[in-house]
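Letter by letter, the chains look like this.
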Amino acid sequence: MTPLLEARRLVRSFGARRAVNDVSFGIAAGDALALFGPNGAGKTTLLRLLAGLLKPNVGAAAIAGEMLPAPEARARVGLISHRTMLYDTLTARENVRFAAQLHGIADAEGATQHALEQLRVADRAEVPVRALSRGLQQRVAIARAIVHGPDVLLADEPYTGLDEQGANALTGLLLERRAAGAALVVVTHALSEGLAVASHAAVMRAGSFVRHEATAGLDVVRYAAEYRELFA
Amino acid sequence: MTAPAPRRGAPTPPGLLAAAGLVARKDLAIEFRSRSAFLSALVLSLLSLVIFYFAWDPTAVAAVDVAPGILWVTFTFSGLLGLHRSFGVEQQERAMDALLVAPISREAIFLGKASANLAFVLGVQLVALPALALFYNLPLTTVLGPLAIVMLLSAIGLTCIGTLFAGITSNTRMAELLLPVLALPFFVPIVLPAAQLTAKLLAGRPLEESLGWLRILLAFDLVFLYACTIAFPFTLED
């Protein structure tokens, strides 16, 4: 199947250090890649390359054939980071609506309400973000990232700060996006959370993929043991 | 790579000016809620005017001679406070990343931020100018129209340069120090004709007598607006 998100021989260095080293992969519509690895493995840098926030030194990434960081490709991306990317003096609704307007959503108000309801935070929509707990802020951040119905959802530690209800809502949302034909990349340290939503899993070390496989038939306990052994 | 897939029913991202308007409105909403930068700039302006007033010897220098310099020193430094703040709000939770992922041009981000900063600087000028007239007993009402033109044109140039350098320095550890150090030399081509025009106007001379300075001010506005808009995207490269 033609990949919706494609990375080809991506290399990104910071000074002498190669944060991402010759990474290639493709994700088809409706598939999800869970990306694991220790701190400093290059996961966040890879995600920033896929979001068009960083330019690769070598290689290229594309979404449905549109090369990143072209606006046509960025329009299809939703990004969830471990930072909320929200304005703390604006309300939850204003933050999400601003994102909808930047993407040119015709009914920005309706899309905003729908996204806030999906994350079960609509009842706090008029509260300034700074007055929300870290978990609720994360829910608003996720609502901001999905308000335009992105074809590619990039999530860097999306479960950070979420309680059980929030985590369940997020898992449901990720599976829903997959079912709707979106391609997902989920960076997480929690193997069980990542594998629960992923069709493929990859492990990064020193900027490169050291494992990359389909999750179908994967034994989570054995995978976790092998993962621990890899970094022992 | 595969050929681009058509995206049915895809929303149309806003154009340059519409996106700039969204960014400006967002920045002004943030400032309106907190008012922290505006109040800081306003207090700095008023304090500067008071200090200059007590340091001024009216028997040695006439008010119309000293006022233009005081006015532009005050506006320049108070404006810097707001310019620094405009990118500070983007850094707190890396909100700038969300702006950069959105399908709007980097030029739109610059124009939006510069527009919000222009409104900020004009707001400070609107309050500080009557205070200056009060302290120095200046005949402001007779020159208000031409002076407003000079202040608007000067504010455009100052905010273009200031927004660009605020963007450049926002990721640095010493942004508050670097911004004035880098921006002030570029303020000179704006502040010089602005001060000259203000001096002529306060001395009771008609604006037509100083068209040369006005043309210089206008020319630098256009150059800075164009150059800063083009240069801004390069400041966002990692």
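This structure is a prediction, so every number in the text was calculated from the model and none was measured. Position numbers for residues count from 1 along each chain, tracking the sequence in the order it is written. Numbering of ligands from 1 and lettering of chains from A proceed in the order in which they are written. Predicted model: local features are reported for residues with pLDDT of at least 70 only, side-chain atom pairs are reported and counted for 80 or more only, and whole-chain, interface and lining totals are derived from all residues. Water and hydrogen atoms play no part in the side-chain values, which are based on all heavy atoms of the structure.

Glancing now at the confidence of the model for chain B. All names here are of chain B. Scored by pLDDT, chain B has a mean of 90; 96% of the residues are at 70 or more. Within chain B, helix 3 (residues 63-91) has the poorest average pLDDT of any element, 88, and helix 8 (residues 211-235) the best, 96. Per residue, pLDDT captures the predictor's confidence, and it can take any value from 0 to 100. We call two residues in contact when some of their heavy atoms are within 4.5 Å. Within the model, pLDDT remains below 50 along residues 1-6, and this stretch shows 17 contacts once partners closer than five positions in the same chain are excluded. Secondary structure elements follow DSSP: runs of H or I no shorter than four residues count as helices, runs of E no shorter than two count as strands, and numbering proceeds from the N terminus.

Quick look at the nonpolar core now. Among the nonpolar cores identified, the biggest contains 102 residues, and Phe25, Leu46, Leu50, Leu154 and Phe209 of chain A together with Leu99 and Leu132 of chain B are the most heavily contacted of them. Element by element, the count of residues in this core is highest for helix 6 (residues 140-169) of chain B, at twelve residues. Once residues lying within four places of it in the same chain are set aside, the contact partners of leucine 99 of chain B are Tyr87, Phe98 and Leu102 of chain A together with Val23, Glu90, Ile104 and Ile109 of chain B. Buried residues of nine kinds, namely Ala, Val, Leu, Ile, Met, Phe, Trp, Tyr and Cys, make up a nonpolar core once their side-chain atoms join them within 4.5 Å. Between buried and exposed lies partly exposed: a residue is buried under 20% and exposed over 50% of the maximum accessible area for its type, with that area taken using a 1.4 Å probe on protein chains only. Membership of the second largest hydrophobic core comes to 37 residues, among which are Ala111, Val147, Ala167 and Ala182 of chain A.

Here we come to empty space enclosed by the protein. Lining residues are those with an atom within 4 Å of a point, where the points come from a 1 Å grid over the protein atoms alone and group into cavities, where a 1.4 Å probe fits but cannot get out, or pockets, open sets with protein on both sides within 12 Å along at least five of seven lines. Grid points are joined across faces, edges and corners, and a volume is the space filled by probe spheres set on the points. Under the defined criterion, the tally for this structure stands at three cavities of 30 Å³ or more. If you go around the largest cavity, you meet 19 residues; those closest to its centre are Ala99, His103 and Arg144 of chain A together with Ala98 and Leu99 of chain B. Those elements that place two or more of their residues in the lining of the largest cavity are strand 6 (77-80), helix 3 (92-102) and helix 5 (134-146) of chain A together with helix 4 (95-101) of chain B. The leading source of residues in the lining of the largest cavity is helix 4 of chain B, at five residues. Residues of the lining of the largest cavity, tallied by class, amount to 13 nonpolar, four polar and two charged. The computed volume of the second largest cavity comes to approximately 140 Å³. Residue lining of the second largest cavity: Asp27, Leu28, Ile30, Glu31, Ala37, Gly82, Arg85, Ser86, Val89, Ala116, Asn117 and Phe120 of chain B, and that is the complete set. Looking at the lining of the second largest cavity, the elements that each hand over two or more residues are helix 1 (16-34), helix 3 and helix 5 (106-136) of chain B. Gly is put with the polar residues, along with every residue not named as nonpolar or charged; the nonpolar set is Ala, Val, Leu, Ile, Met, Phe, Trp, Tyr, Cys and Pro, and the charged set is Asp, Glu, Lys and Arg. The class makeup of the residues in the lining of the second largest cavity is six nonpolar, three polar and three charged.

Moving on, we get to helix 1 (residues 43-50) of chain A. Judged by how many residues are buried, helix 1 of chain A sits mostly within the fold: seven of eight residues are covered. Turning to helix 1 of chain A, its buried residues number three or more, namely Lys43, Thr45, Leu46, Leu47, Arg48, Leu49 and Leu50 of chain A.

All right, on to the side chain of glutamate 31 of chain B then. Relative to the elements of secondary structure, glutamate 31 of chain B occurs in helix 1. Other than its neighbours up to four places away in sequence, glutamate 31 of chain B contacts Ser36, Ala37, Phe38, Arg85 and Phe120 of chain B.

Another aspect to go through is the side chain of glutamate 94 of chain A. Residue and element names in this part refer to chain A. Tracing the backbone shows glutamate 94 in helix 3. For glutamate 94, a relative accessible area of 18% gives the class buried. Nitrogen and oxygen atoms within 3.5 Å of one another constitute a polar contact, given that in protein one can donate a hydrogen and the other can accept it, and given that sequence-neighbouring residues count only through two side-chain atoms. Among the polar contacts listed, one links the side chain of glutamate 94 to the backbone nitrogen of threonine 91, at a separation of 2.9 Å.

Attention now goes to the sheet that holds strand 2 (residues 17-28) of chain A. Residues and elements named next belong to chain A. Paired strands are those between which DSSP finds at least two bridges. Spatially, 2-1-4-5 is the arrangement adopted by the four strands of the open sheet, whose pairing is antiparallel. Looking along the sheet, the strands with just one partner apiece sit at the ends: strand 2 and strand 5 (66-67). The strands touched by helix 1 are strand 1 (3-14), strand 2 and strand 4 (58-63); relative to strand 1, the strand with the most contacts, the crossing angle is about 125°. Here, axes are lines fitted to C-alpha atoms. For helices the fit covers the stretch in contact, and angles between N-to-C directions go from 0 to 180 degrees.

This next bit is on the interface of chain A and chain B. Of the residues lining the interface, 42 residues belong to chain A; the matching set on chain B comes to 37 residues. Once two parts are joined, some of their accessible surface, as seen by a 1.4 Å probe, is lost; buried area is that loss totalled over both. Summed over both partners, the interface of chain A with chain B buries about 3,400 Å², with 56% contributed by carbon and sulfur atoms. It is Arg74, Tyr87 and Leu102 of chain A that lose the most area in chain A upon contact with chain B, and together they represent 19% of the buried surface on that side. Here, a salt bridge means any Lys or Arg side-chain nitrogen found within 4 Å of an Asp or Glu carboxyl oxygen. Run the count over chain A and chain B and you get three salt bridges. A salt bridge links glutamate 93 of chain B to arginine 83 of chain A; the shortest N-O distance between them is 3.5 Å. Applying the counting criterion to the chain A and chain B interface returns twelve residue pairs in polar contact (both at pLDDT 80 or more). Listed by contribution, the elements that provide at least two residues to the side of chain A that touches chain B are strand 1, strand 4, strand 5, helix 2 (71-74), strand 6 and helix 3 of chain A. Per-element tally for the side of chain A that touches chain B: the top contributor is helix 3 of chain A, with four residues. Its residues placed into classes, the side of chain A that touches chain B shows 18 nonpolar, eleven polar and 13 charged.

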